[in-house]
Amino acid sequence: MPRRVVVTGLGLISPLGIGTEATWQGLVSGRSGAGEITRFDTSKFTVKIAAEVKGFDGSEWLEAKDLKKFDIFVHYAVAATDMALRHSGLEISDSNAHRVGVVIGSGIGGFPMIEKNNQALLEKGPRRVSPFFIPGAIINMCSGLVSIRTGAKGPNMATCTACSTSAHAIGDATLYIKHGYADAIIAGGSEAVVSPMPLAGFSSMRALSTRNDEPERASRPWDRDRDGFVIGEGAGIVILEELEHARKRGASILAEVLGFGMSSDAFHISAPCEDGEGAIRVMQQALEDAQLRPDQVDYINAHGTSTPLGDRVETIAIKGVFGDHARKVMVSSSKSMTGHLLGAAGGFEFGVSVLAINDGVVPPTINLDNPEPEDDLDHVPHTAREAPVRFALSNSFGFGGTNACLVVGGFE
């Protein structure tokens, strides 16, 4: 029998709150986490809004010297991991450390730290660049520092596939457990790029919403008045375990990872293929891996970024995969409330899917005031819906045409 992989812990940090419970309450209440940027002066920017994490105090998880050594995306990963481990009750000791792994990714990595040290280099010379700059900003330091702090000595990996990063991390971790490389893995992603260079770069691409006067209404997936996504930040970390490993220690099992799909559009550096072919294949792969029919899926946590082309292509792809069931399955976008967490989005939204299964509540798509005429899917507009969710699918699509899809189900 193939090894089954279950979810035993969650740790979420988002613009809606610090911790899983605060974040979930924000989602089901339909609250937006977007607002005016407070981190730096935006007077010269066309975009002045983002979905910032508010009230995060890294000193609750890291000593002062480590706060200075590592970029904030690493801080988020450490904090979310601690939350997930406490939720799971998984203890890492000498007896099991070599069977516990870490797979945590980031789409962009430590931009605030890069900016700070670049400024020091230009203004004060190379001697003023921090010796911790490189290890503090590189993408794999989330998994590296989590491994060091927890003592996990199994696989230690970092994924980087743009906005599908942490969905791939969870998928990869699932495969490692199935194939026996580990019995438990800390998996997910973290991102913190509410800073000048990323804002300028995405603005130059014309990828961001410029609804500066109404930030809480700026992220509006599938609405015909959408004009781009809102940068968000945060972390989504899950504890994955082989089923018998979880049972033996008496863990509470939240859900089971049933399917994983990967594909590439092989089309464009940032735009999805307009016929949705790559998105169709990745969802079909994930359903086949899960041994589920499309009509068995109750909920899709969509990629749903609020970009004109991206939302339209995802709708085309969902209709291509689900046929008549496409109009019956609930399809909502967490990004309407959190903004786009970029490399952390997949892990965060997988966690949201697990919570929807456990609580029997589907979070809404807010700001969907004027749906596209051709988009007749059930996007759970404005208000969360109480509904049984047995099987959920989570989509993540990234620059470079990379696609990931995860299927999660209630544990039986």
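See above for the structure.
Residues numbered from 1 in each chain as written. Predicted model: local features only at pLDDT ≥ 70, side-chain atom pairs only at ≥ 80, totals over all residues. Heavy atoms only, no water.

Side note on the side chain of H379
Mapped onto the elements, H379 comes out in the loop between β12 (361-362) and β13 (385-386). Within the local environment of H379, its side chain forms a polar contact with the side chain of D375, the two groups lying 3.0 Å apart. Residues contacting H379, with those up to four places away along its chain left out, are W222, T315, V331, S332, T365 and L368. (Helix = DSSP H or I, 4+ residues; strand = E, 2+ residues; numbered from the N terminus. Polar contact = N/O pair within 3.5 Å; in protein donor to acceptor, adjacent residues only side chain to side chain. Contact = heavy atoms within 4.5 Å.)

Description of helix α1 (residues 20-28)
Listing the buried residues of α1 in full gives T20, T23, W24, G26 and L27. For α1, the buried positions fall inside an angular range of 160° around the axis, keeping them on one side. Contacts made by the buried residues of α1 are with β1 (5-14), β2 (17-18), α12 (335-338), α13 (345-359) and β12. A positive backbone phi angle near 70° is found at G30, which sits one or two residues after α1. (Buried < 20%, exposed > 50% of the residue type's maximum accessible area, 1.4 Å probe, protein only. Arc of directions from axis to C-beta.)

Overview of the nonpolar core
Within the largest apolar cluster, 46 residues are counted, with the highest numbers of intra-cluster contacts made by V7, I185, V238, L240, F350 and V354. Element by element, the count of residues in this core is highest for α13, at 8 residues. Counting 31 residues, the second largest nonpolar core, distinct from the first, contains F70, L85, A184 and A192. (Core = buried A, V, L, I, M, F, W, Y, C linked by side-chain atoms within 4.5 Å.)

Let's talk about the pattern of salt bridges
All told, the structure shown has 23 salt bridges when counted by the stated rule. In this structure, the salt-bridge partner of K65 is E63, at a minimum N-O distance of 4.0 Å. R385 is the partner of D378 in a salt bridge, and the nearest nitrogen-oxygen pair spans 2.6 Å. Through salt bridges with shared partners, one network takes in R211, E214, R217, R220, D223 and D369. (Salt bridge = Lys/Arg side-chain N within 4 Å of Asp/Glu carboxyl O.)

Things to note about empty space enclosed by the protein
Enumeration over the complete set of coordinates arrives at 1 cavity of 30 Å³ or more. Here the largest cavity is characterised by a volume of approximately 30 Å³. Around the largest cavity, the lining residues are T174, L175, K178, V257, L258, G259, F260 and D289. Of all the secondary structure elements, the ones that give two or more residues to the lining of the largest cavity are α7 (165-178) and β9 (255-264). Looking at the lining of the largest cavity, the element that brings in the most residues is β9, giving 4 residues. Across the lining of the largest cavity, the residue classes tally to 4 nonpolar, 2 polar and 2 charged. (1 Å grid on protein atoms, 1.4 Å probe; cavity = no way out; pocket = protein on both sides within 12 Å on 5 of 7 lines; lining within 4 Å. Points joined across faces, edges and corners; volume = space filled by probe spheres on them. Nonpolar A, V, L, I, M, F, W, Y, C, P; charged D, E, K, R; others polar.)

Digging into the packing of helix α3 (residues 72-88) against helix α6 (residues 141-150)
Running from N to C, α3 and α6 cross one another at 45°; their axes reach a closest spacing of 9 Å. The orientation of α3 with respect to α6, classified from their angle, is oblique. Between α3 and α6 the crossing geometry is right-handed. Facing F73, V74, A77, V78, T81 and L85 of α3, the residues of α6 in contact are M141, C142, L145, V146, R149 and T150. Residue classes in the contact of α3 with α6 are distributed as 9 nonpolar, 2 polar and 1 charged. (Axes fitted to C-alpha atoms, helices over the stretch in contact; angles between N-to-C directions. Parallel < 35°, antiparallel > 145°, perpendicular 65-115°, else oblique. Left-handed = near helix turned anticlockwise from the far one by under 90°.)

Regarding the pairing of strand β8 (residues 234-242)
A large share of β8 lies buried, amounting to 9 of its 9 residues. Residues G234, G236, V238, L240 and E242 of β8 are buried on one face, and the alternating residues A235, I237, I239 and E241, pointing to the opposite face, are buried as well. Sheet topology note: the β1/β8 ladder contains 8 bridges and is antiparallel. If you follow G11 over to β8, its bridge partner there is I237. Alignment of strand β7 (residues 184-191) against β8, held across 8 bridges, turns out to be antiparallel. Each bridged residue has a counterpart across the sheet, and for G189 the counterpart in β8 is G236. (Pairing = 2+ DSSP bridges.)

Observations concerning the side chain of D71
When you line up the elements, D71 lands in the loop between α2 (64-69) and α3. Among buried Asp, Glu, Lys and Arg side chains, D71 stands out as unpaired, with R39 the closest opposite charge at 8.8 Å. Discounting chain neighbours no more than four positions away, the residues touching D71 are G110, F111, P112, M113, G136 and A192. (Lys, Arg positive; Asp, Glu negative; His and termini not counted.)

A few points about the packing of α7 against α13
Across the interface, α7 lies against α13 with an axial gap of 5 Å and an inter-helix angle of 65°. The angle between α7 and α13 places the two elements in the roughly perpendicular class. Mapping the contact onto sequence places S166, A167 and I170 in α7 and A345, G346, G347 and F350 in α13. Class assignment for the residues of the contact of α7 with α13 results in 4 nonpolar, 3 polar and no charged.

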